[in-house]
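# Structural characterization, general
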Amino acid sequence: MEAAPVLAGLLAVVAAVILLGYPLAHVLINAFTLNGQEPSLANLTLRNFERFAISLSYQRAFWNSVVSSGGATLLATALALPMAYAVARVEISWRPLVLALSVIPLIAPPFIGAYAWIMLLGNNGMITQTVAGLFGIKLPSIYGAFGVVVALALSYFPYVFLIVQGALAAADPAIEEAAAMTGASAGRVLRTITFPMIAPAVGAGMLLVFIKALGDFGVPSILGGEYQVLPTLIYYQIHGFFNLNTGSAIAIVNLALTVLGLAVLSAISRRQVATLSGTARATRLTNLPARSAANAFIWVVLVLALLPQAVVLLYSFAERWGDTLLPSVYGLGNYRSVLGEALTTTWNTVLLAGAATAACLVFGTITAYATVRGKAVARWALDLTIMLPFVLPGLVVGVAYLSAFNDPPFVLTGTAAILVFAYFTRRVAFIFRSAASAIGQVDSKLEEVSAVCGASWAETMRRVMVPLIGPALIAGGVLVFATLVGEISATVLLYSANWKTISIAIYELVNSNDLAKASALGSLCNAFTLIVVLVASGLLGRNMSEMFR
Amino acid sequence: MAVDGLVITSLSKRFVVGGTPFTAVADVNLTVEPGEFFTMLGPSGCGKTTTLRMIAGLETPDSGAIRFRDRDLATVPARQRNIGMVFQSYALFPHLSVFENVAYGLRLRGVAAGEIGQRVAEVLDLLQLGGHGDRLPASLSGGQQQRVSIARALVYRPDILLLDEPLANLDAKLRLHMREEIRSLQRRLGIMAIYVTHDQEEAMAISDRLAVFDRGKLVQIGQPTAVYESPATLFVADFIGKANFIPVRRVGDGRSGSVVLPWGETMQAGRTMPAAPDDLGVIPADADGAIMVRPERIALDAQAGAVSGRIKRVQFLGSIVRYAVAIAGVPVDLLVERARPIHGLSEGAACRLGFAAADAILYKRAGAP
């Protein structure tokens, strides 16, 4: 083993300590100290956590978080499983289009979709008004648990869909054929063979949705109204009461829930059964009833999931929109009025997200290499430290950075660096994962051959490894960048006036009820991310959905 | 008419690959007798596996019929055909133990729990898997996984056993061992077996009869010795064993089978048959046909023989020695196989060789005299 990978491993540990351990330690200390008191052994207290026992609003937020995330997970799974089966096992129409469209909810920031639901189902929403006008029926309020669960489920269901569809496509079709040959009916094959085989993938997808929903701030802050969840509670403790200590205590509870989810996730993914087969030729149902049902289901889900983005686009062109179903006057006025703001915030976003993505790429690849090719002893430790931030709720990262980087030795508050570091910490695991799987597929003999031919470790990396894993890295980098463009839950606590991002600008417009301008800015944001992903998938010659797996 | 066997008539299947239609199986006719070990042999993409999958009911024929015991299988779904199938990838259920993998078909047939235990134990013993019942497939070696997949296919006493390249993923030594085991198991159970492989040696060693496929068509069907001794086409001759092709011009009245070899020798070929249209590319444009001689039928000596040549290469393969010989004065190389090395014939040495007319088969070009 060369010295370079060992050095890279050490570097990873140092970075993990400063960017993760140190801020999380601050959160811990703050959580056990009262607001306004100096942190010391004598001042340690459980008073901040006591609120979960005595305060009704804390208890509600806790259970609301559990219930809304659980509900969103179940609903997302109910949508995603039949859709995954339909795409993988039925001869449907326009398969590439379906796969491409299914990725859009993951690219578009969820909170943009959330306020589109207000336009549709809010008190003055298009559907609410139409139904009231036609039937005189008053629909239930979109604000609260119902709206949060629906919006979260429609935003995150592609995780279950893509993972399960991938597992179905990768499973050796001969296994299901073997079951049919021994005499099992189609339903029996599905129940006793197919489902048990993909169960680990379903579990992994569900937990990913659960963890994402648990950490989501944008959707509940827009659709929640009085319905508080842990991330919104953190935000109001810090922004409303400037109480970093109670905020930290809530963050710890939020984190504990998430870590619980992660523990289950890793236990499940370890049970993943190897069913990969290179030459598998998928057999698909071709009969008309199956095809019709599959097509209908897929398009209902896709229309529901994409409807919010379509409404945002429509609203962005509305110059006047009174009591009518559709806008009465169309024009580019909204775009003209947000143009200045769009340019500066997009530029800020590109700089911040770009810097973070570049750091993720360099660092994530080197650590992945050290982990895959390195000694087994350090492997699990590295694996854990780098996977943890992947599931850290954005607001927890925000609180941790606010606490840690406000005082010497690291004063970063209000700088661009604090955002870049926060983004880096939240996304480096993504690059790490795609790089690790790409490196794992490169036969280590190729490196040995290169070394035998006289190449140094660095030369082998440059001439052999990077060209081989390059496409995977670019795909990973593009996705990190795209998801950072819409990042709000860490940004909302850490941004400063000089470094306002496009997502914050949209969020402010929504909060001041300027929905037309918010739609224009939101559509620009969506278009920008979509173009980046489309160009990248075109250059790489991959389907967008492949890039997400 | 074979009432008890499997009868395939005019079977055809087309696929569309990337927008272009492609004929996988074209007008295949064959019959498999009860208790017979029948092999479908050919290079990859020749249609043998597609034919097997149509017998299994995993693919639907475009036209033609498959009948078993005088019953048309067209409307019988795979799961009701009572056929056992062994897949190349074994296709073991990864989440079920060895016991449960094997028991799967019995549970579907509503067999009582006690009998399931007994029958699974029986078939596991038969395949030397006793004591492995509790293990998961992933913890078994390739050979063991192979046995489990055979056990799973046999346990419910199917009418036909289909095997799709079952030995392709095993190493050479295990492959030889397993093929003997499969053959003796099939003999003991007296079950009809249909076997697919691209390995001609395997096919000859294991089969009662074999069918050679080429680009979707069934080219020849027969016992291994018959196919080897009298290949229907140059393709079959080349695919089954080693073969020498020598372009010839015909002399005489055209019925006698008299030919002139490139080195001027006149010969009366032992047998004559028309060359298949697909074989015409192998025969040079200026030749009337080609004669085929097996390498072990050519005599090679330092002094005696009709033709003179020079040894280009000697390959010592253990049980045989293979010589590549360049014929003097003409651009023809012949392969010769001997049981043991011939003294004095090292690479570069001059030699003499010859073969009996009875061992030569003439494939004549259509329209040639």
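Conventions used here
- Residues numbered from 1 in each chain as written.
- Chains lettered and ligands numbered in written order.
- Predicted model: local features only at pLDDT ≥ 70, side-chain atom pairs only at ≥ 80, totals over all residues.
- Heavy atoms only, no water.
- Helix = DSSP H or I, 4+ residues; strand = E, 2+ residues; numbered from the N terminus.
- Contact = heavy atoms within 4.5 Å.
- Lys, Arg positive; Asp, Glu negative; His and termini not counted.
- Charge placed at Lys NZ, Arg CZ, Asp CG, Glu CD.
- Pairing = 2+ DSSP bridges.
- Axes fitted to C-alpha atoms, helices over the stretch in contact; angles between N-to-C directions.
- Salt bridge = Lys/Arg side-chain N within 4 Å of Asp/Glu carboxyl O.
- Domains from an automatic or database assignment.
- Buried area = accessible area lost by both parts, 1.4 Å probe.
- Polar contact = N/O pair within 3.5 Å; in protein donor to acceptor, adjacent residues only side chain to side chain.
- Nonpolar A, V, L, I, M, F, W, Y, C, P; charged D, E, K, R; others polar.
- Core = buried A, V, L, I, M, F, W, Y, C linked by side-chain atoms within 4.5 Å.
- Buried < 20%, exposed > 50% of the residue type's maximum accessible area, 1.4 Å probe, protein only.
- Patch = residues over 30% accessible without salt bridge, like charges linked within 9 Å, V, L, I, M, F, W, Y side chains within 5 Å.
- Areas by Shrake-Rupley, 256 points an atom, 1.4 Å probe, with all protein chains shown as cover.
- Parallel < 35°, antiparallel > 145°, perpendicular 65-115°, else oblique.
- Left-handed = near helix turned anticlockwise from the far one by under 90°.

### Here we look at the overall build of chain B
If you tally the helices and strands in chain B, you get 8 helices and 21 strands. On the principal axes, the C-alpha backbone points of chain B span a range of 75 × 45 × 40 Å. Pairs at least 24 residues apart make up 69% of the contacts formed inside chain B by residues separated by at least 6 positions. Taking the 41 positively charged and 38 negatively charged side chains of chain B as two groups, their mean positions are separated by 1 Å.

### Quick notes on the sheet that holds strand β18 (residues 321-327) of chain B
The strands making up a sheet are joined through hydrogen bonds of the backbone, oriented either antiparallel or parallel. Residue and element names in this part refer to chain B. Strand order in the open sheet formed by 5 strands is β16-β20-β17-β18-β19, with antiparallel pairing between adjacent strands. Bordering the open sheet on either side are β16 (298-301) and β19 (333-338), each of which pairs with just one other strand. Geometrically, the sheet is characterised by an average inter-axis angle of 40 degrees between neighbouring strands, direction not taken into account. Note: β18 against β19, 6 bridges, orientation antiparallel. Counted as the bridge partner of Ala326 is Asp333 from β19.

### Details of the pairing of strand β21 (residues 361-364) of chain B
Residue and element names in this part refer to chain B. Bridge count between strand β14 (residues 271-274) and β21: 4 bridges; the pairing is parallel. Its bridge partner being in β21, Thr272 is matched across the sheet by Leu362. As defined by bridge partners, strand β15 (residues 289-293) adjoins β21 across 4 bridges and the pair is classed as antiparallel. Following the sheet pairing, Met292 is matched in β21 by Ile361.

### Thoughts on the pattern of salt bridges
Residues and elements named next belong to chain B. Under the definition given, this model contains 24 salt bridges over all chains. Linking Glu36 and Arg209 is a salt bridge whose minimum nitrogen-to-oxygen distance equals 2.5 Å. Placement of the pair is Glu36 in the loop between β2 (20-32) and β3 (37-41) and Arg209 in strand β9 (residues 209-214), with a sequence separation of 173 residues. Among the ionic pairs, Glu201 bridges to Arg179, the shortest N-O distance being 3.7 Å. In this pair, Glu201 sits in helix α6 (residues 200-206) while Arg179 sits in helix α5 (residues 172-189), placing the two residues 22 residues apart along the sequence.

### Focus: the sheet that holds strand β13 (residues 266-268) of chain B
Residue and element names in this part refer to chain B. The strand order across the open sheet built from 6 strands is β13-β12-β11-β15-β21-β14, with neighbouring strands paired in mixed fashion. In the strand order of this sheet, the two ends are held by β13 and β14, each with one partner. If you compare each strand with its neighbour and ignore which way they point, the axes differ by 40 degrees on average. Both strand β11 (residues 244-250) and strand β12 (residues 258-260) contribute to a ladder of 2 bridges, which runs antiparallel. From the neighbouring strand, Arg249 faces β12, where its bridge partner is Val260.

### Section: the domain arrangement of chain A
Residue and element names in this part refer to chain A. Looking at the assigned domains, one finds that chain A contains domain 1 (1-30 + 323-549) and domain 2 (63-278 + 285-315). When domain 1 packs against domain 2, close to 4100 Å² is buried across both sides, 75% of that on carbon and sulfur atoms. Here domain 1 is connected to domain 2 by 0 salt bridges. The interface formed by domain 1 and domain 2 holds 4 residue pairs in polar contact (both at pLDDT 80 or more) in total. Broken down by element, the residue count for the side of domain 1 that touches domain 2 peaks at 11 residues, all from helix α22 (residues 515-540). Its residues assigned to classes, the side of domain 1 that touches domain 2 shows 32 nonpolar, 15 polar and 1 charged.

### Looking at the environment of Ile342(B)
All names here are of chain B. For Ile342, the location among the structural elements is in the loop between β19 and β20 (350-355). In this structure, the C-alpha to C-alpha distance between Ile342 and Val321, residues 21 residues apart in sequence, is 9.0 Å. Discounting residues that sit within four places of it in the chain, Ile342 has contacts with Leu300 and Tyr323.

### Comments concerning the interface of chain B and chain A
Taken together, the contact pairs 24 residues of chain B with 22 residues of chain A. For the pair chain B and chain A, the summed buried area comes to about 1900 Å², and 65% of that belongs to carbon and sulfur atoms. Summed over the shared surface of chain B and chain A, the number is 1 salt bridge. Among the ionic pairs, Arg53(B) bridges to Glu177(A), the shortest N-O distance being 2.7 Å. Summed over the shared surface of chain B and chain A, the result is 6 residue pairs in polar contact (both at pLDDT 80 or more). Those elements that place two or more of their residues in the side of chain B that touches chain A are α1 (48-56), β6 (83-86) and α2 (98-108) of chain B.

### Section: the nonpolar core
Soluble globular proteins tend to pack their nonpolar side chains together in the buried interior. The biggest cluster of nonpolar side chains holds 144 residues, and the ones touching the most others in it are Tyr115(A), Phe161(A), Tyr401(A) and Ile506(A). By residue number, the principal contributor to this core is helix α7 (residues 145-170) of chain A, which donates 14 residues. Not counting chain neighbours up to four residues away, the residues in contact with Tyr115(A) comprise Ile222(A), Val312(A), Ile506(A), Val510(A), Leu515(A), Ala518(A), Ser519(A) and Gly522(A). Counting 46 residues, the second largest nonpolar core, distinct from the first, contains Ala171(A), Ala178(A), Leu58(B) and Ile83(B).

### Remarks on a nonpolar patch on the surface
All names here are of chain A. Among the surface-exposed residues, Val13, Val14, Val17, Ile18 and Phe410 lie close enough to one another that they form a single nonpolar patch of about 380 Å² accessible area. With respect to the helices and strands, Val13 occurs in helix α1 (residues 3-31). Since its relative accessible area comes to 44%, Val13 is described here as partly exposed.

### Remarks on the packing of helix α11 (residues 230-241) of chain A against helix α16 (residues 394-404) of chain A
Residue and element names in this part refer to chain A. Contact geometry for α11 and α16: axes closest at 10 Å, N-to-C directions at 30 degrees. Taken together, the axis directions place α11 and α16 in an arrangement best described as roughly parallel. Every pair of crossing elements has a handedness; the one defined by α11 and α16 is left-handed. Taking contact as the criterion, the partners of Pro231, Ile234, Tyr235 and Ile238 in α11 are, on α16, Leu395, Val399 and Leu402.

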